[in-house]
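Chains, contacts and geometry: an overview
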Amino acid sequence: MNIIETPCKFGELVNLAVKENITVYDAAYLYVSRKYRYKLVTEDHDLKNYPEAINVRRLLEELFKEES
């Protein structure tokens, strides 16, 4: 597992949370996925609607499709 550290000012997270009307906790995940262009794998109701997000089923479909 790769652990990344991302320097971020707390104010940036708060601004993102307010802009998107989500919690700061959720904003942190969204921030990292956007900053590093990662897919956000989540089953969270609020986060699943973002283009960066995919659910576990979709992730597995994509992984197994690549193996075929």
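Quick note: structure is the one above.
Residues numbered from 1 in each chain as written. Predicted model: local features only at pLDDT ≥ 70, side-chain atom pairs only at ≥ 80, totals over all residues. Heavy atoms only, no water.

The helix and strand tally for the protein stands at 3 helices and 2 strands. Each helix and strand of the protein, ordered N terminal to C terminal, gives the series α-α-β-β-α. Summarising its shape, the C-alpha atoms of the protein cover approximately 45 × 25 × 15 Å along the three principal directions. Looking at the protein residue by residue over its 68 residues, the buried ones come to 24%. A separation of at least 24 residues holds for 20% of the contacts in the protein among residues at least 6 apart in sequence. Computing the positive centroid from 10 side-chain charges and the negative centroid from 12, the protein places the two 5 Å apart. (Helix = DSSP H or I, 4+ residues; strand = E, 2+ residues; numbered from the N terminus. Buried < 20%, exposed > 50% of the residue type's maximum accessible area, 1.4 Å probe, protein only. Contact = heavy atoms within 4.5 Å. Lys, Arg positive; Asp, Glu negative; His and termini not counted. Charge placed at Lys NZ, Arg CZ, Asp CG, Glu CD.)

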